[in-house]
Amino acid sequence: MNNLQHTSEGKLLIYGATGYTGTLIVKEAARRGLDFEIAGRNEEKLAALAAELSVPYHVFSIDDAEGWKRSLEGKTALLNIAGPFSETAEQAMEASIKFKVHYFDITAEVDIYRLAESKDAAAKAAGIMLLSGAGLFATYDPLVLHTANRVKNPVKMRVAFKYSGGFTPGSVASSANIIGAGLLVRKNGLIKKLDEAPSAVFDLGDGPEDFSLMPLGGVVLSYKSTGIPDIEEYFSMAVPAATGGNATVKFEEGQPQAGAGSARSKILVEITDEDGTIVRSMADTQDGYMPTVTSAVEIVSRALSGAYQPGFQSPASAYGAELLKSLLDVRITDF
Ligand SMILES: NC(=O)c1ccc[n+]([C@@H]2O[C@H](COP(=O)([O-])OP(=O)(O)OC[C@H]3O[C@@H](n4cnc5c(N)ncnc54)[C@H](OP(=O)(O)O)[C@@H]3O)[C@@H](O)[C@H]2O)c1
């Protein structure tokens, strides 16, 4: 991207560091040599993790203004992993704006993307980037841009996401917010709530399968990166056989079973051009949470090394379709 700002190497605060995904992310951040400190509300868990990684830690609740002030001093960016984000994003985004640090999270809650969008002007005034959705959307959003770039004038997009893996308690709580947001689509450039859920059939390489409409967030984030006026998103889930069909998996700390299976999560993007041409691109990734872990650290490390765009951004509006090339073990097929 041409108009990315560039500054020197910076320092990161990771809030919500001791959850399942947080623990994996801090270990990946340490492996990649990022300069970071950790934070959260549980002193015992934070002290243990900080000792293991030899990093400073900060204990404070999400509403504690003094805690934010102390912990964000000297930082370049905040990565918020404390979910459900309906309970944490407003406070963390406001702290980022106030103390002028870039904001990142890994939410999949569409209302949080709308919240970030609503703070665009404040973020620009503070000279910071607000990028909500550095997890799944690190693959999803650049894939949409990649596919849209294959036609001249994209007017419609449909996405089918087949998730393979289980859910942590934090994700189960968050999924209630995703479903609670309603059946959102974008029509003629405006977000609209449907009364009834349409289903659709997609073939992601395993034969035709049924998917249900679900507001994954592209209605906000991929609209930001592409401006495509008509957007529909669909979801299906393959739970690991080991769980006996129960989507809530008991994860052992540090054991990314959610990403260790042979199954792959898949995202299919279908773009319709104004002239009726339809093109499709598909990404498949490791199952479970590891793609979120490695993607979030990749995106944050870019901002720490000075590559950012002020204001509300999506992964692809900030870093383009090329972001896909930096993600671990993501395979793209065009057809
Ligand atoms: N979109 C994606 O790609 C993706 C992938 C993975 C995860 N996620 C999301 O990331 C979030 C975290 O997932 P997880 O797997 O780490 O869940 P988890 O294991 O249940 O951990 C949740 C973490 O958030 C903290 N937390 C929750 N509410 C808080 C609050 N009000 N104030 C301060 N801290 C709070 C918890 O702190 P305590 O330990 O003190 O309770 C814990 O550290 C979930 O919302 C999940 O949906 C998204």
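Note that this is a predicted model, so its numbers are computed, not measured.

Caption draft 1: Region of the structure containing empty space enclosed by the protein. Under the definition given, this model contains 1 cavity of 30 Å³ or more. Within this model, the largest cavity holds a volume of roughly 30 Å³. Taken together, Thr285, Gln286, Met290, Pro291, Thr294, Leu328 and Asp329 make up the full set of residues lining the largest cavity. Listing elements by their share of the lining of the largest cavity, those giving two or more residues are strand S14 (278-286) and helix H10 (290-304). Sorting elements by how many residues they give to the lining of the largest cavity places H10 first, with 3 residues. Looking at the lining of the largest cavity residue by residue, the class counts come to 3 nonpolar, 3 polar and 1 charged.

Caption draft 2: Inspection of unusual backbone geometry at higher detail. Between Gly83 and Pro84 the backbone carries a cis peptide bond, its omega angle lying at 15 degrees. With a phi angle near 55 degrees, Ser54 is a residue other than glycine that sits in the positive phi range. Along the polypeptide, Ser54 turns up in the loop between helix H2 (43-53) and strand S3 (57-59). Within the chain, Asn188 stands out as a residue other than glycine whose phi angle is a positive 50 degrees. Mapped onto the elements of the fold, Asn188 is located in the loop between strand S8 (183-187) and strand S9 (190-194).

Caption draft 3: Highlighting the site of the ligand. Close contacts around the ligand come from 29 residues, with Tyr20, Thr21, Thr168, Ser174 and Thr292 the closest. A distance of 3.1 Å is found between an oxygen atom of the ligand and a side-chain nitrogen or oxygen belonging to Ser171. One of the side-chain N or O atoms of Ser174 is found 2.5 Å from an oxygen atom in the ligand. With the chains in place, 86% of the 920 Å² that the ligand exposes on its own is no longer accessible. For the shell around the ligand, the secondary structure elements donating two or more residues are helix H1 (20-31) and helix H8 (169-180).

Caption draft 4: Expanded view of the sheet that holds strand S2 (residues 36-40). The 7 strands are arranged S3-S2-S1-S4-S5-S6-S15 in an open sheet whose pairing can be described as parallel. Across the chains shown, the open sheet's two edge strands, defined by having one partner strand only, are S3 and strand S15 (311-313). Geometrically, the sheet is characterised by an average inter-axis angle of 20 degrees between neighbouring strands, direction not taken into account. Pairing analysis gives 3 bridges linking strand S6 (residues 129-132) to S15, with the strands arranged parallel. By the bridge assignment for S15, Leu131 is matched with Gln313. Its contacts with the sheet place helix H4 (residues 89-98) against strand S4 (77-80), strand S5 (102-105) and S6, and it is angled at close to 160 degrees to S5.

Caption draft 5: Up close: the side chain of Lys75. Here Lys75 is to be found in the loop between helix H3 (65-72) and S4. Looking at Lys75, its side chain comes within polar contact range of the side chain of Glu37, at 2.9 Å. Beyond its immediate chain neighbours, meaning those up to four positions away, Lys75 contacts Lys11, Leu12, Leu13, Glu37, His58 and Val101.

Caption draft 6: Expanded view of the pairing of strand S1 (residues 12-15). Along S1, one buried face is formed by Leu12 and Ile14 and the opposite face, lined by Leu13 and Tyr15, is buried too. Two elements, S1 and S2, share 4 bridges in a ladder whose sense is parallel. Its bridge partner being in S2, Ile14 is matched across the sheet by Ile38. Handedness of the crossover joining S1 and S2 through H1: right-handed. Where S1 lies against S4, 4 bridges are found, and the strand directions are parallel. Counted as the bridge partner of Leu13 is Leu78 from S4.

Caption draft 7: Focus on the packing of aromatic side chains. By the definition in use, this model includes 11 aromatic pairs. Centroid distance Tyr15 to Trp68: 5.2 Å. Interplanar angle 40 degrees. Geometry classified as tilted. Here Trp68 lies in helix H3 and Tyr15 lies in strand S1, a separation of 53 residues in the sequence. Across this residue pair, the class does not change: Tyr15 and Trp68 are buried. Seen in terms of ring centroids, Phe202 and Phe211 are 5.5 Å apart; in terms of plane orientation they differ by 90 degrees. Their pairing is edge-to-face. Taking the relative accessible area as the measure of exposure, Phe202 reaches 4% and is therefore buried. Here the aromatic residues Phe161, Tyr163, Phe167 and Phe235 are joined through ring pairs into a cluster of three or more. Stacked on the ring of Tyr223, the Lys or Arg Arg186 has its end atom at 3.6 Å from the ring centre. Sitting above the plane of the Tyr319 ring, Arg302 keeps its charged end 5.3 Å from the centroid.

What counts and what doesn't
Residues numbered from 1 in each chain as written. Predicted model: local features only at pLDDT ≥ 70, side-chain atom pairs only at ≥ 80, totals over all residues. Heavy atoms only, no water. 1 Å grid on protein atoms, 1.4 Å probe; cavity = no way out; pocket = protein on both sides within 12 Å on 5 of 7 lines; lining within 4 Å. Points joined across faces, edges and corners; volume = space filled by probe spheres on them. Helix = DSSP H or I, 4+ residues; strand = E, 2+ residues; numbered from the N terminus. Nonpolar A, V, L, I, M, F, W, Y, C, P; charged D, E, K, R; others polar. Near = heavy atom within 4 Å. Polar contact = N/O pair within 3.5 Å; in protein donor to acceptor, adjacent residues only side chain to side chain. Areas by Shrake-Rupley, 256 points an atom, 1.4 Å probe, with all protein chains shown as cover. Pairing = 2+ DSSP bridges. Axes fitted to C-alpha atoms, helices over the stretch in contact; angles between N-to-C directions. Contact = heavy atoms within 4.5 Å. Buried < 20%, exposed > 50% of the residue type's maximum accessible area, 1.4 Å probe, protein only. Right-handed = clockwise from strand over helix to strand, strands pointing away. Phe/Tyr/Trp six-rings, centres within 6.5 Å; stacked < 30°, edge-to-face > 60°. Lys NZ or Arg CZ within 6 Å of the ring centre and 35° of its normal.

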